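Chain residues, written in single-letter form:
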Amino acid sequence: MIDASNDPALVSWCESAQGSDFPIQNLPLGIFSAGERRRRPGVAIGDFVVDLSAIANLLDEDWREDLSQPVLNAWLARGADAQRQFRERLSEILGDERFRDDVEPSLVAQSEVRMHVPCLIGDYTDFYVGIHHATNVGKQFRPDNPLLPNYKYVPIGYHGRASSVRASGEPVIRPLGQRKPADAEVPDHGPSRRLDYELELGLWVGRGNELGSPIPMAEASDHIAGYCLLNDWSARDLQAWEYQPLGPFLAKNFLTTISPWVVSPQALAPFRNAVPERPVGDPPPLPYLTDETDQREGGLGVQLEAMLTTEAMRVAGLPPHVLSRGSAEAAMYWTAAQIIAHHSSNGCNLQPGDLIGTGTLSTESDTGLGSLLEISRGGKQPLELATGETRSFLEDGDEVTLRAWCEKDGAVRIGFGECVGRVAPRA
Ligand code: MN
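Let me sum up the structure you'll find in this document. This one's a predicted model, so the numbers in the text were calculated from it and none came from an experiment.

### Considering the overall build of the protein
- Each helix and strand counted, the protein has 13 helices and 25 strands in total.
- Relative to the globule expectation of 22 Å for 427 residues, the C-alpha radius of gyration of the protein, 21 Å, shows essentially globular dimensions.
- For the protein, the spread of C-alpha atoms along the three principal axes comes to 70 × 55 × 40 Å.
- Expressed as a percentage of its 427 residues, the buried residues of the protein come to 54%.
- Considering only contacts within the protein whose residues lie at least 6 apart along the sequence, 73% involve residues at least 24 apart.
- For the protein, the computed accessible surface area is about 18,700 Å², with 51% contributed by carbon and sulfur atoms.
- Of the charged side chains in the protein, 38 are positive and 59 negative; the average position of the first set lies 5 Å away from that of the second.

### Observations concerning helix 12 (residues 336–344)
- In terms of burial, helix 12 is a largely internal element, nine of the nine residues being buried.
- Within the span of helix 12, buried status applies to Ala336, Ala337, Gln338, Ile339, Ile340, Ala341, His342, His343 and Ser344.

### Comments concerning the coordination of the manganese ion
- Within the protein, the manganese ion binds to Asp126 (OD), Glu198 (OE), Glu200 (OE) and Asp232 (OD); these donor distances fall in the range 2.1 to 2.3 Å.
- In terms of primary sequence, the donors binding the manganese ion are separated according to D-x71-E-x1-E-x31-D. Taken as a pair, Asp126 in strand 6 (residues 124–127) and Glu198 in the loop between strand 12 (195–196) and strand 13 (199–205) lie far apart in primary sequence, 72 residues in all. The pair Asp126 / Glu198 is uniform in exposure class, with both members buried.

### Some details on the side chain of Glu329
- Inspection of the secondary structure puts Glu329 in helix 11 (residues 328–331).
- Buried charge Glu329 goes without a salt bridge, the closest partner of opposite sign being Lys408 at 7.9 Å.
- In this structure the side chain of Glu329 is engaged in a polar contact, spanning 3.0 Å, whose partner is the side chain of Asn273.
- Residue contacts for Glu329: discarding those within four places in its chain leaves Asn273, Ala274, Pro276, Gly299, Leu300 and Gly301.

### Brief notes about the pairing of strand 25 (residues 414–424)
- With eight of its 11 residues buried, strand 25 lies for the most part within the structure.
- Two strands pair when backbone bridges link them, and strand 9 (residues 172–173) and strand 25 are joined in this way by two bridges, in the parallel orientation. Its bridge partner lying in strand 25, Ile173 is registered against Ala424.

### Focus on the sheet that holds strand 13
- What the seven strands build is an open sheet, ordered 7-6-21-13-14-16-8; its pairing is mixed. The strands lining the two open edges of the sheet, one partner per strand, are strand 7 (157–159) and strand 8 (165–167). For this sheet, the mean angle separating the axes of adjacent strands, direction not counted, is 30 degrees.
- Relative to strand 16 (residues 256–258), strand 8 runs parallel, the two being bridged by three bridges. For Val165, the partnering residue across the bridge sits in strand 16 and is Thr256.

Parameters at a glance
- Each chain carries its own residue numbering, running from 1 in the written order of its sequence.
- At least 70 in pLDDT is required for a residue's local features to be given in this predicted model, at least 80 for side-chain atom pairs to be given and counted, and no such filter applies to totals for whole chains, interfaces and linings, which use all residues.
- Side-chain measures here rest on the full set of heavy atoms in the structure, leaving out hydrogens and waters.
- Secondary structure elements are taken from DSSP: a helix is a run of H or I of four residues or more, a strand is a run of E of two residues or more, and numbering for both begins at the N terminus.
- For this measure, only C-alpha atoms enter the radius of gyration; the expected value for a globule follows 2.2 Å times N^0.38, where N is the number of residues.
- Exposure is judged per residue with a 1.4 Å probe applied to protein chains only, and the accessible area is read against the type maximum: over 50% gives exposed, under 20% gives buried, and values in between give partly exposed.
- Between two residues, a contact is recorded if the distance between any of their heavy atoms is within 4.5 Å.
- Under the convention used here, a 1.4 Å probe and the Shrake-Rupley method define accessible areas, while residue burial counts only the protein chains that appear.
- His is not counted, nor are the chain ends, whereas Lys and Arg count as positive and Asp and Glu as negative.
- Positions of charges follow a simple convention, taking NZ of Lys, CZ of Arg, CG of Asp or CD of Glu.
- For Na, K and Ca the donor cutoff is 3.2 Å, while for all other metals N, O and S atoms must lie within 2.8 Å; water is not among the atoms, so some sites may look incomplete.
- Salt bridges, as used here, are contacts in which a Lys or Arg side-chain nitrogen is within 4 Å of a carboxyl oxygen on Asp or Glu.
- Any pair of N or O atoms that falls within 3.5 Å is considered a polar contact. Within protein, one atom must be able to donate a hydrogen and the other to accept it, and sequence-neighbouring residues count only if both atoms are side-chain atoms.
- For two strands to pair, DSSP has to find at least two bridges joining them.
- Only the contacting stretch of a helix is used when fitting its axis, a line to C-alpha atoms as for every element, and angles between N-to-C directions run 0 to 180 degrees.

So this is what it looks like as structure tokens:
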């Protein structure tokens, strides 16, 4: 799994790479624009984006057309081998001093670019693999029996909406919808009063599968082109009233925010771990979801963090309030490969550029809860901020920032960048 591109001894001639989210061991792809110029693919290195169209002469001729499109779908459709070869080449270009003079003029400061959703997303699906989140939410409805009987057999998910997926920085316009407080006889319609965030990882589908041809577990990892952060904004009051019997709808599809960089599976290779043992008494996964290699290395050693600032905190110059910290592998009952294998197991065809959310990744501990619904116990225990303000759910002007990174002895730390959204009042 680990190859020369993961070597911790590699150093980029781009000095800001060292110690940043984007050292030479990361090399995530994204789609950027600068000023009025067209959207195009770039690679993050330190504080910069490498404009791939400007260094096309250094890349394999066969790759150039796909790497000059305004979205990454065609490139990601080429599959895992092409991604690895491309990464090896980038590692050489950005690591070898001899390329510096040729490539340096093609670096654009990240502070001067706008990042976009990297793919034309055909379909977006959100799963529910965070078992502690599922338990915490289930407890609010069924204190004695929080997990439904299917949970430990089926990776639960629902089809979301692709049109409202946006890149980090997009304003979060407070959604309107039907709300029915418990003591009201009938619902009314208006701005959500219980707006929440959900801390998740996103998976980008690379190579797809034909309709009717499930992806077996042994091949599932090769269909994942990369990972991002994902904030599944949720209007809890709308959700509580509308969700039965068909599940989430308008409470979720008003906006989903993602971090714009596609962090490749190869960049994550040094941070894969064995999947944590299932608790004693839990059923083993059914055979179509079982794979020895995945059990050995399907755990994602990704650290996750969510932070909040309010308007008053920013005016007072206060640091962000840390809402949660925890690791993805401690939260995930099902692996990324199991998500892919299950999604396609009925013959459903996944397509290049599809986006899949893991579901909210809460840890067992109270310091790693991935939504305000959990942190405030459904609004019963508001959290207190340094300004003296309290929050059960998000108020106008509140800004949520998600971050993720991987670190481990013997490897160079890599980061995902940020996934930010600020709540805008409804005019
Ligand atoms: Mn979700």
